[in-house]
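What follows is each chain in one-letter form.
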Amino acid sequence: MRKSLTILLSLSFLSFAFHASPARAAELVVAGPAGKIHGADISRWQHPNDKPINFKKMRAAGIDFVMIKASDTREYSDRLALKYVKADRVGAQEAGIHTGFYHYALLPNVTTNAAVERDARAQAQKVIWRVEALGGFNDLDLPYALDLENNCVKVSSSGSCSKSATRAQATLWSKTFLATLKDKTGRTPLIYSSPHFLENALNRDKELSQYPLWIAQYTIDPAKPEARPNVKPGGCYVHSWTTAQCSANWTMWQYSSCGIAPKYGVPGNRLDLNVFGGTPEKFESLLTGTWLPDPADLMPVGESSTITISSVKATTTNKSAVIAIEVTRPDSSPVVTGSVKLYFTSANATKPTVVQKVERETSGSWTLSISGLPAGTWFGSVAYKDPSGTHADAKALVDLTITQGEAPVPKPTKKAPSKPATDGCRNQIKN
């Protein structure tokens, strides 16, 4: 059964002036390995129990820049990133540390190039609104980075990846996302990944190679002469940034995930450490181009949303009911934030206890699976809610008719073999 309900709410914008955070001139101390500019990157994991970072101590330890996680494809993780990014940016800049930002991306589970590009533009919009929420770029801000290290688009019930994006799709998505961000902000974004991912998940592409690379490869000490990332036993990784000398044309190098966190004023034990691959003049060239959002760039408040149930599959008690949902903005583009859930209405005599699993297919598109429904007809409402308040909530009525299925046969439980403890920092640089 297909039903859709359109909720039209008046579009309102938040009307106030934006000002970039005041930036003070910050001299580079250039105290990294082998005399390189030293940096770190942080996220919510550097705030255990909400503890703050001592950026003055970080600065005194020789850190010139810090890349801050500012946004995420996943709603829950995105809200956590927003929780810390504003204070971290202010604290770092007040200590004289340059700040950059990154977006952790998951690719969409779609088939057409048009759908790939649509999702990339929607995720780029989330980033643009996040920069707008920060007041735009200022003179101490480095460009935004795309963190792409996972090409899985569908996970099986066991937790393993059951479907990956093709090389062509992952490459197209990356180029679309980066180009959208560059066009809007006037700053060339970076791309973060490992050489293994770049070689195995993306096509070699001339356009893609024009974006600065933030490469992640550990166990190689940047303090040693001739040290360079992109090497592997028997040669080098081959991708869009591989040079004729079999190295990588990198701008930043994340050389360790095992930095001694307390040394840099960070709660916990571990900290990602980076070096910049050029001169102070080249570093300062990344700081050019402040960007302040125009009124048209402001994140909307309560923008009207249209929810459509595109398909419903409900059969027997031993199978999950599956509902496909799409939510769009007034211009028919996908909503950028929010998620969906099924609520049972008062038309039901009782309220069944079920387990719901929501899976994001692409921006504004979800598959909702409901297990544990007893036999009978159940009346519900699929609700789209956006905790950020960007898009208006919406709902669509749905009924699910379930017949009695075969009783499940209990499977014998097997004790998982114990795995020996592994040292995640083995062979890593512990600066």
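Look up: the structure comes first, before these words.
Read on for an overview of the structure. All figures in this text were calculated on a predicted structure; none of them were measured in a lab.

Tracing the sequence through the fold places P233 in the loop between β10 (231-232) and β11 (235-236). On the basis of relative accessible area, P233 is assigned to the exposed category, the value being 82%. Separated by 90 residues in the primary sequence, P233 and P143 place their C-alpha atoms 33 Å from one another.

Moving on, we get to the sheet that holds strand β20 (residues 394-402). As summarised here, the arrangement of the three strands in space is β16-β19-β20, forming an open sheet in which the pairing is antiparallel. Single-partner strands in this sheet number two, and they are β16 (339-344) and β20. Across the sheet, the mean angle separating the axes of adjacent strands is 30 degrees when strand polarity is ignored. Both β16 and strand β19 (residues 376-385) contribute to a ladder of six bridges, which runs antiparallel. Its bridge partner lying in β19, F344 is registered against G380.

With the rule as written, the count across this model stands at three disulfides. Between the sulfur of C236 and that of C246 lies a disulfide, 1.8 Å long from S to S. For the disulfide bridge between C236 and C246, the dihedral angle about the S-S bond is near -100 degrees, and by the sign convention the bridge is left-handed. Here C246 lies in the loop between β11 and β12 (252-260) and C236 lies in strand β11, a separation of ten residues in the sequence. According to the relative accessible area criterion, C236 is buried, its value standing at 11%. Residue class for C246 comes out partly exposed when judged on its relative accessible area of 27%. Between C258 and C425 runs a disulfide, and the two sulfur atoms are separated by 1.9 Å. Every disulfide takes its handedness from the sign of the S-S torsion; for C258 and C425 that torsion is -95 degrees, giving left-handed. Highlighted residues: C258 in strand β12 and C425 in the segment after β20, separated in sequence by 167 residues. Of note for the protein: the bonded cysteines, numbered N- to C-terminal, pair according to 1-2, 3-4, 5-6.

Turning to the pairing of strand β18 (residues 365-371), a few remarks are in order. Within β18, five of the seven residues are buried, which leaves it mostly tucked inside the rest of the structure. As paired elements, strand β15 (residues 321-328) and β18 share six bridges and run antiparallel to each other. In the sheet register, E326 faces β18, and the bridge partner there is S365. Strand direction decides the pairing type here: strand β17 (residues 355-362) and β18, joined by seven bridges, are antiparallel. Following the sheet pairing, R360 is matched in β18 by W366. Between the end of β17 and the start of β18, which pair antiparallel, lie two residues, with G364 showing a positive phi angle near 75 degrees.

Let us look at the packing of helix α3 (residues 113-133) against helix α4 (residues 167-185). Where α3 contacts α4, the axes come no closer than 8 Å and their chain directions differ by 40 degrees. Considering their axes alone, α3 and α4 lie oblique with respect to each other. Every pair of crossing elements has a handedness; the one defined by α3 and α4 is right-handed. Residue-level contacts link N113, V116, E117, D119, A120, R121, Q123, A124, V127 and I128 of α3 to Q169, L172, W173, T176, F177, T180, L181 and K184 of α4.

Attention shifts here to the sheet that holds strand β13 (residues 270-276). What the eight strands build is a closed barrel, ordered β2-β3-β4-β5-β8-β9-β12-β13; its pairing is mixed. Across the sheet, the mean angle separating the axes of adjacent strands is 30 degrees when strand polarity is ignored. In this sheet, strand β8 (residues 190-193) lies alongside strand β5 (residues 141-147) in parallel orientation, the contact comprising three bridges. Bridge assignment links D147 to a residue of β8, and that residue is Y192. Each of β2 (38-42), β3 (65-72), β4 (98-104) and β5 is contacted by helix α2 (residues 75-94), which is oriented at about 155 degrees to β3, the strand it contacts most. Across the sheet, α4 is in contact with β4, β5 and β8; its angle to β5 comes to roughly 160 degrees.

Parameters at a glance
- Residues numbered from 1 in each chain as written.
- Predicted model: local features only at pLDDT ≥ 70, side-chain atom pairs only at ≥ 80, totals over all residues.
- Heavy atoms only, no water.
- Helix = DSSP H or I, 4+ residues; strand = E, 2+ residues; numbered from the N terminus.
- Buried < 20%, exposed > 50% of the residue type's maximum accessible area, 1.4 Å probe, protein only.
- Pairing = 2+ DSSP bridges.
- Axes fitted to C-alpha atoms, helices over the stretch in contact; angles between N-to-C directions.
- Disulfide = S-S within 2.5 Å.
- Parallel < 35°, antiparallel > 145°, perpendicular 65-115°, else oblique.
- Left-handed = near helix turned anticlockwise from the far one by under 90°.
- Contact = heavy atoms within 4.5 Å.

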